[in-house]
Amino acid sequence: RIMRPDDANIAGNVHGGTILKMIEEAGAIISTRHCNSQAGEPCVAALARVERTDFLSPMCIGEVANVSAEITYTSRHSVEVQVNVMSENILTGAKKVTNKATLWYVPLSLKNVNKVLEVPPIQYERKEQEDEGKKRYEEQKLDRLETKQRNGDVILPVINPEPHTVGYSQSSLIHLVGPSDCTLLGFVHGGVTMKLMDEVAGIVAARHCKTNIVTASVDAINFHEKIKKGCVITVSGRMTFTSNKSMEIEVFVDADPFVDEPRERYRAVSAFFTYVSLSKEGKPLPVPQLLTETEDEKRRFEEGKGRYLQTKAKRQAQMQQAAQ
Amino acid sequence: RIMRPDDANIAGNVHGGTILKMIEEAGAIISTRHCNSQAGEPCVAALARVERTDFLSPMCIGEVANVSAEITYTSRHSVEVQVNVMSENILTGAKKVTNKATLWYVPLSLKNVNKVLEVPPIQYERKEQEDEGKKRYEEQKLDRLETKQRNGDVILPVINPEPHTVGYSQSSLIHLVGPSDCTLLGFVHGGVTMKLMDEVAGIVAARHCKTNIVTASVDAINFHEKIKKGCVITVSGRMTFTSNKSMEIEVFVDADPFVDEPRERYRAVSAFFTYVSLSKEGKPLPVPQLLTETEDEKRRFEEGKGRYLQTKAKRQAQMQQAAQ
Amino acid sequence: RIMRPDDANIAGNVHGGTILKMIEEAGAIISTRHCNSQAGEPCVAALARVERTDFLSPMCIGEVANVSAEITYTSRHSVEVQVNVMSENILTGAKKVTNKATLWYVPLSLKNVNKVLEVPPIQYERKEQEDEGKKRYEEQKLDRLETKQRNGDVILPVINPEPHTVGYSQSSLIHLVGPSDCTLLGFVHGGVTMKLMDEVAGIVAARHCKTNIVTASVDAINFHEKIKKGCVITVSGRMTFTSNKSMEIEVFVDADPFVDEPRERYRAVSAFFTYVSLSKEGKPLPVPQLLTETEDEKRRFEEGKGRYLQTKAKRQAQMQQAAQ
């Protein structure tokens, strides 16, 4: 497929992640097709491992990526796939190999996802191909075991917060501002920012009450500063207040103009979102109370309570007016 | 437009953020059109504020969202837009108001984005409409000033890290696993995970060296555990090693099956990504050295150095073989 | 909606496929709404055919697309929808008609996707409208039958092709059908298929003439068979004919229901796309002549020439009529 502006960074180089995604799609298709080629239980091939991958030359916007995949080894329960990616400039006709990747897939039954099925064996042209494949198979098996043990490390030491504290549900995401997020002037659409804010607020609310949650209202949102294409934005949310059936979450948007500009990170937007928790029948559920610990948390809870009571009073006044 | 699975949560309710994004797009179109309706400098309307918005009833997958927008007030430099959203079930014909939102836009010159242009005045049917609009205008102006002052707060206390330390570039993102991220079995495609991992690694690398960076290679990636639809995944990255011209970033993927399941957060994937920094001409640039502070950071740096030297030796051996 | 960088090629012209997708979404909404307007079994309208469509003027990034749809004829089991697309430059206010398309839909029961329901009849203002509609209905029915028979052909890769031969520009892509590609019934939206077809045809055209190319028209497209979620579709295109300033590309869509079903790959859709090559100033450029080698290629070239001359004659007749 043709590489688009959203697939690339501002210098026009396609993200490695976009290429990895295409490689995996090709691998998943060929190995799923192979594992279903003999009569038997239908299955889907699940990715188990990607071997070390080098990006040999960068791909650019407007080029066509050609992805080809081939099955190179089968063990009893796994398939090795070799995927090659070529970039083609369709205007000049120039072609370059950009990636060669090796992936391992395991067939899982469609009926029972915890059941690993058997893989139909492939035919090898020469005996050595099978032997070399077997060697690769044994090596990766060992390596998988090793990394599994090494894997206990954690990057951001969270101090095991208690359920229902502010720290427990607090969340943040980063987003690299791409071309389709922006207006003609090269600044982020307000709507894109709001969508990300709602996403974070929703995760905070769901972490707090572990049920299906929906947005009930959004406080006034002020856009203090423009956010430029190529920025990284950090959207972070924390719960500030809970009533019996609603949760208030404060969300901040900070922009980090990290390429090409000497400017510091700045606060671009902030707002309060209110969520409610719903049962499977769509009825509002009671919400666990927020446990406040620090002085700041207690102060913010009181402020949130003020906003909640004010909104409630306003709504009642409107209903009385409407009833008259 | 028709609401799709990707617009909604697993219970089928459309995300508030999707609706907010549609509202803002409608507002941006009508106000840009209005501000360009008189001869003069061409401009684009930028969102300055969204008034408090209530979500009156949930919208569902398969329903059609009808969005209508109207300009209700103009001051010298700003436009007030009223947007209404109706959900329509095209199977039953049932329609419901889901949102009413008020947005404020400011016209920015296409030639000079820091120049705010004048807004062509609208005609009011009755004098009271203009007076009420003016009152709303004054109120929101005051409120914007207030929130601007309140806005200094920060959610995640970062301890002012020095440039080029591990803590300085360390980054993480959260992602809610949606239907289009998943296979037929309801588990995340490996390719989707890898794309997010590359995104985080790229942000870490760019934060460290503040230049255009590209993926050079990815270490073997093992997928230890499946990640289910509806999970929140946290992808976090930290720099472990720098050579003269490359950076190694360790990336972890943790899954949080927070709805419907009592299970704890678990480590699903981890890998090392190597990035290089490029000049505007596409030549590799020297990379600032990573400053290690703690014992763990120093140990990880040495381990990274080991991997780097090993890869280098392997590559040299291959080149010698190829030359023979 | 506003056209974004990802909707367009590198010269800023919106892909014909993006426009086809919007047209189909509008058609699907209005016809599903109509078919459910009387009490009865709920249904979803499935695209059966798109009449020949001309792209009258190119649309650009930043313009707003206004799509309007109207039901113009109903037979017992099908609905004819007329969709018009206008591009609006909201900075200058300029509006242009970019497309007029005619689509045929068939209502499928929500409970049983193989059951075609009855369509509520519309009221015609004049008797002639009904008669003309009936004539169009009979014509398209005949044409659908014909293309169904013609449809057995397969596009195979060629080794080391010469420039401007058929094999040289021939291209194909595969796509795994995900949830957001599908209707409520779990079948691919016609618009999604058309967008992929345009993408492949565009790559064929660009490979052939190595310039900026745009869709000029699409021949009638017949949707012979539904494509289900989870299928892999192969979209392949080859050039069939060149005039001095246009290229005709034949595109096939084959579906591979590789999981869950023992069924063979089948031909789902096929159509002819016509492209023109544009200079940097947007003027049509001469196109290199297609070199035909095999007997089949020569035959297809002659057939393409026939279609080309027929269209040209029709257009001249229309212009004479309009001039009278």
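What you see is a predicted model; the values in this text were computed from it and never measured.

Chemist: Help me get a handle on the relation of the copies chain B and chain A, residues and values and all.
Modeler: Relative to chain A, chain B is turned by 180° and slid 0.0 Å along the rotation axis, the superposed coordinates differing by an RMSD of 0.1 Å. In symmetry terms, the pair is related by a two-fold rotation axis. The position closest to the rotation axis in chain B is occupied by the C-alpha of Leu173 of chain B, lying 2.1 Å away. Of all interface residues in chain B, 100% are interface residues in chain A too; the two copies therefore contact each other through one and the same surface.

Chemist: Please give an account of the packing of aromatic side chains that cites residues and values.
Modeler: All names here are of chain C. Taken as a whole and assessed by the stated rule, the structure comprises 18 aromatic pairs over all chains. Seen from their ring centres, Tyr73 and Tyr124 are 6.2 Å apart, and the 35° between their planes marks the pair as tilted. Separated by 51 residues along the polypeptide, Tyr73 in strand β3 (residues 64-74) and Tyr124 in the loop between β5 (95-109) and α2 (127-150) bring together distant segments of the chain. Each member of the pair, Tyr73 as well as Tyr124, is classed as buried. Between the aromatic rings of Tyr73 and Tyr137, the centroid separation amounts to 6.1 Å while the plane-to-plane angle is 40°, which identifies the pairing as tilted.

Chemist: Go over the pairing of strand β7 (residues 212-218) of chain C with me, naming the residues and quoting the values.
Modeler: Residue and element names in this part refer to chain C. For β7, a buried count of 5 out of 7 residues is recorded, marking the element as mostly surrounded by other parts of the structure. Relative to strand β11 (residues 266-278), β7 is paired through 6 bridges, and the arrangement is antiparallel. Residue Ser217 lies in a different strand from β11, and its bridge partner there is Thr274.

Chemist: So what about the interface of chain B and chain A? Which residues, and what values?
Modeler: Often the size quoted for an interface is simply the accessible area lost on bringing the parts together. On the chain A side, the residues contacting the 94 residues of chain B number 94 residues. Summed over both partners, the interface of chain B with chain A buries about 7900 Å², with 57% contributed by carbon and sulfur atoms. Our count for the contact surface shared by chain B and chain A stands at 2 salt bridges. As a salt-bridge pair, Asp256 of chain B and Arg207 of chain A come within 3.3 Å of each other at their nearest N and O atoms. At the boundary of chain B with chain A, the tally comes to 22 residue pairs in polar contact (both at pLDDT 80 or more). Per-element tally for the side of chain B that touches chain A: the top contributor is helix α4 (residues 190-209) of chain B, with 10 residues. Among the residues making up the side of chain B that touches chain A, the classes are represented as 37 nonpolar, 30 polar and 27 charged. When strand β8 (residues 221-223) of chain A meets strand β1 (residues 43-50) of chain B, the two strands line up antiparallel, connected through 2 bridges. Paired with Asn222 of chain A across the bridge in β1 of chain B is Arg49 of chain B.

Conventions and cut-offs
- Once a new chain begins, its residue numbering starts again from 1 and follows that chain's sequence as written.
- Key to labels: chains lettered from A, ligands numbered from 1, both in the order written.
- Only residues with pLDDT of at least 70 are given local features in this predicted model, and only at 80 or more are side-chain atom pairs given and counted; all residues enter the totals for whole chains, interfaces and linings.
- Heavy atoms from the whole structure form the basis of all side-chain values; hydrogens and water molecules are not counted.
- Alignment of copies: least-squares fit on C-alpha atoms of residues with pLDDT of at least 70 in both copies.
- Here, residues are in contact when the closest pair of their heavy atoms is within 4.5 Å.
- Each Phe, Tyr or Trp ring (for Trp, its six-membered ring) is paired with any other whose centre lies within 6.5 Å, and the angle between the two planes then decides the class: stacked below 30 degrees, edge-to-face above 60, tilted in between.
- Working definition: helices are DSSP H or I runs of at least four residues, strands are E runs of at least two. Numbering for both runs from the N terminus.
- Buried, partly exposed and exposed residues are distinguished by accessible area as a fraction of the type maximum, computed with a 1.4 Å probe on protein chains only: under 20%, between the cut-offs, and over 50%, respectively.
- We treat two strands as partners when DSSP finds at least two bridges between them.
- In this description, buried area is defined as the sum, over both parts, of the accessible area (probe of 1.4 Å) that is lost when the two are combined.
- By definition, a salt bridge exists where a carboxyl oxygen of Asp or Glu is found within 4 Å of a side-chain nitrogen of Lys or Arg.
- We define a polar contact as two N or O atoms separated by no more than 3.5 Å, with the added condition that, inside protein, one atom must be a possible hydrogen donor and the other a possible acceptor, whereas residues neighbouring each other in sequence contribute only through side-chain atom pairs.
- Classification used: nonpolar for Ala, Val, Leu, Ile, Met, Phe, Trp, Tyr, Cys and Pro, charged for Asp, Glu, Lys and Arg, polar for all others including Gly.

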